Structures are given as C-alpha cells and as structure tokens.
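Architecture and fold: a report
Residues per chain, in single letters:
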Amino acid sequence: MTNKTILITGASTGIGKCCALHLDQQGFKVFAGVRKLADGEALQNEASASLQPILVDVTDTASIKQAVETITAEVGVTGLSGLVNNAGIAVAGPLEFLPVDEIRHQFEVNVFGQLAVTQACLPLLRQSTNGRIVNMSSMSGKIALPFVGPYSASKFALEAFSDSMRLELRRWGITVSIIEPGAIKTPIWQKTVKSGMEILNKLPPKAYEFYGSAIKKVPQILENGNDRGIPPEKVALAVAHALTTPTPKVRYIVGNDARFAIGFAWLTPYRLRDWLVSGRR
Ligand SMILES: NC(=O)c1ccc[n+]([C@@H]2O[C@H](COP(=O)([O-])OP(=O)(O)OC[C@H]3O[C@@H](n4cnc5c(N)ncnc54)[C@H](OP(=O)(O)O)[C@@H]3O)[C@@H](O)[C@H]2O)c1
C-alpha cells in the first residue's frame, strides 16, 4: 500500500490510542480523533511528529464535517487509505427500566456516529487506490448477555451495517473489516461503572425490587472484565493487519474469551445457552 494515511476515531484512550501509536510507529500518517485538545496534546507527546490529533465528536455532524475538511486539505488528491471506526461507549442495565434516551445515546455513538463518519470519509477513501474501513465491534456483537442489552444491540447493528457496506463497496475495492475483541484492559470499564451507576441510581424503586441483586453486581462484573482483559496491543495488531495485508479478513476475533463466546453462541442451541448463562427460570 503506497498511501498510508488513516483516521482513527476515539483515540484519546484505550484501544484507539494504542492503535494510533502502533500505526504511527508503522509509518502511517495518523489523524487521531479526540474530543479534547488536551488529549490530542498528550497523544502527540507519545508519538512521532507525523501524528496529527483532530477534534471529532462522532455524534456531532458539524464536528465530523470540520474534521473531514481539515483532512482533505492535508491529504489532497491522495485521499485516505484507511478509516478505523473505534469510538464507543457502553450503556448497561435492565432493559425494562433503562431510559430510552440512554439507549438512543448508545446508538448515536456506537452506530450512527460510525456510519456518519464513514459516509463523510468515503469520498477520501475512494480517492485512495484501495481504501479500507475497519469497524470496532465486540464479541458482544455476536452474543447478547443480560444487562448489557444496549451495548450488544449497538454492536449487532454495527456488524450488520458492516456486512451490508462491505458488499456495497466491493466493486470499488474498498474493504470493510470487523474487529471482535473480547475483554480488553482499557478505561471503558471504569467509565462504564461511573456513567452506569449515574444511570442506575436514577432508576425507579421497582427496578431495584425486580433486578436489585443483578444491578448490585454490575460494578463488580465490570471490574472483573477489566481485570481479565488482555492488552489493547492485541487489537492494534489486528487493526494493522486489516489495514496492510493484501487481502484483509472480514472478521478478526481477538482474545480467547471472544473465540469461546462466539463459538459458544454459534454451536449451542438457544435453550441450552439460556440455561447455561442464567440458570433455571
Ligand atoms: N475494552 C474492551 O474490553 C472492548 C471490547 C470489545 C470492543 N471494544 C470497543 O473498542 C472501542 C474502544 O473502546 P475502549 O475499550 O478503548 O474504551 P475507551 O478507552 O473508553 O475509549 C473509547 C474512546 O471513544 C471515545 N468516544 C466516546 N464517545 C465519543 C464520541 N461521541 N465521539 C468521539 N469519540 C468518542 C472516547 O473519547 P473520550 O475520552 O473523549 O470520551 C475514547 O477515545 C469501543 O468501540 C468499544 O466498544 C472494547
């Protein structure tokens, strides 16, 4: 690949930051999407002079437009060789009581935001000889567990968008790869405890009457997720492969837990799966 110019959204922390730094080391010109100038400056301190932070909130049309205009002015006719749609948040709690606006916000960031950025970047990706799109899904995009319904639903939707788009863009040679990590050690777990508890604390008493014991376990489950998480570098390697190999894979499963969960979802009949996940009714 001659043109090695990419945009990564959500590069302030975690997987996005790790991908930005790894690809910067691999000689890519990285536009690293952040929402705060300070995060961009911190990233620059760890990267080569080539890495360029760019302000982009994936839920804000004006911010996406501005970011794409800036990139267009920088890259000229060579365009963008890759887009890594990584920005994401997680909303957790019982679907019966979670405010629908919170679930909408989950979709605004993880689904519509990714789509809006992709639409805005496609002219630049077409300008490149072989543009590539890499979408950050999750094992939760393949198996939906209780109390993470909004997050799982957003990742299932991202999987479907990715499959349709891959087929639609095939004739232009633009590839779409989906990354499906298991638990990765990043700040998302702590952020989800914080934002999750703010939401859960506002739920009506009935939510606690019905789901109290499960709600109380949410922080511990999230802490456990972080503790057993593998380093984000594993995901960065998969992203780099999708951006550089002549024939990128459609799906990259990252981590043994993801391989197990996806295999389990594929092989196990629903009733047995339900019983194994949440016991007897
Ligand atoms: N960690 C895991 O176990 C795991 C597993 C599977 C998949 N994933 C996926 O990997 C991706 C990255 O997550 P992570 O674990 O690295 O979490 P993270 O450290 O919390 O990173 C999330 C990134 O998304 C950004 N972001 C949030 N809302 C945004 C918005 N509206 N516009 C633009 N950027 C926004 C955050 O920016 P701010 O700092 O400004 O909030 C941050 O840079 C997510 O899509 C997540 O679903 C994570």
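Thresholds applied
Residues numbered from 1 in each chain as written. Predicted model: local features only at pLDDT ≥ 70, side-chain atom pairs only at ≥ 80, totals over all residues. Heavy atoms only, no water. Pairing = 2+ DSSP bridges. Helix = DSSP H or I, 4+ residues; strand = E, 2+ residues; numbered from the N terminus. Axes fitted to C-alpha atoms, helices over the stretch in contact; angles between N-to-C directions. Buried < 20%, exposed > 50% of the residue type's maximum accessible area, 1.4 Å probe, protein only. Right-handed = clockwise from strand over helix to strand, strands pointing away. Near = heavy atom within 4 Å. Polar contact = N/O pair within 3.5 Å; in protein donor to acceptor, adjacent residues only side chain to side chain. Areas by Shrake-Rupley, 256 points an atom, 1.4 Å probe, with all protein chains shown as cover. Nonpolar A, V, L, I, M, F, W, Y, C, P; charged D, E, K, R; others polar. Patch = residues over 30% accessible without salt bridge, like charges linked within 9 Å, V, L, I, M, F, W, Y side chains within 5 Å. Salt bridge = Lys/Arg side-chain N within 4 Å of Asp/Glu carboxyl O. Disulfide = S-S within 2.5 Å.

Pairing is parallel in the open sheet, where 7 strands are placed in the order S3-S2-S1-S4-S5-S6-S7. Among the strands making up the open sheet, the edge pair consists of strand S3 (52-55) and strand S7 (251-254). With strand direction ignored, the average angle separating the axes of adjacent strands in the sheet is 20 degrees. Bridge count for strand S1 (residues 5-8) against strand S2 (residues 29-34) is 4 bridges, and the pairing is parallel. Opposite Ile8, over in S2, you have Ala32 as the bridge partner.

The next subject is the pairing of strand S5 (residues 132-136). Where burial is concerned, most of S5 is hidden: 5 out of the 5 residues are buried. Side chains of S5 alternate between two faces, with Arg132, Val134 and Met136 and Ile133 and Asn135 buried alike. One crossover worth recording links strand S4 (residues 82-85) to the parallel S5 by way of helix H4 (residues 100-127), and it is right-handed. Here S5 runs beside strand S6 (residues 175-181); their pairing, made up of 5 bridges, is parallel. Looking across to S6, one finds that Val134 is bridged to Ser177.

Turning our attention to the environment of Val148. Within the secondary structure, Val148 is located in the loop between S5 and helix H5 (149-169). Assessed through its relative accessible area of 28%, Val148 is described here as partly exposed. When the C-alpha positions of Val148 and Arg228 are compared, they lie 18 Å apart, and in sequence the two are 80 residues distant.

Neighbouring residues of the ligand: 31 residues in total, closest Ser12, Thr13, Ile15, Tyr151 and Thr186. One nitrogen or oxygen atom from the side chain of Arg35 is found 2.7 Å from an oxygen atom belonging to the ligand. In the environment of the ligand, an oxygen atom lies 2.7 Å from a nitrogen or oxygen atom belonging to the backbone of Ile184. When the ligand is considered free in solution it has 890 Å² of accessible area, and contact with the protein chains removes 95% of it. Breaking the shell around the ligand down by element, the ones donating at least two residues are helix H1 (14-25), H5 and helix H6 (188-201). In terms of residue class, the shell around the ligand is made up of 15 nonpolar, 11 polar and 5 charged.

Residues Leu272, Trp275 and Leu276 make up a contiguous nonpolar surface patch of roughly 310 Å² in combined accessible area. Examined against the element boundaries, Leu272 turns out to sit in helix H10 (residues 270-278).

Taken as a whole, this structure holds 0 disulfides when the rule is applied. No disulfide involves Cys18; its sulfur sits 6.1 Å from the nearest other cysteine sulfur, which is in Cys19. Residue Cys18 is classed as buried on the basis of its relative accessible area of 10%. According to the relative accessible area criterion, Cys19 is buried, its value standing at 1%.

Purely geometric stuff here, so don't read any function into it on its own.
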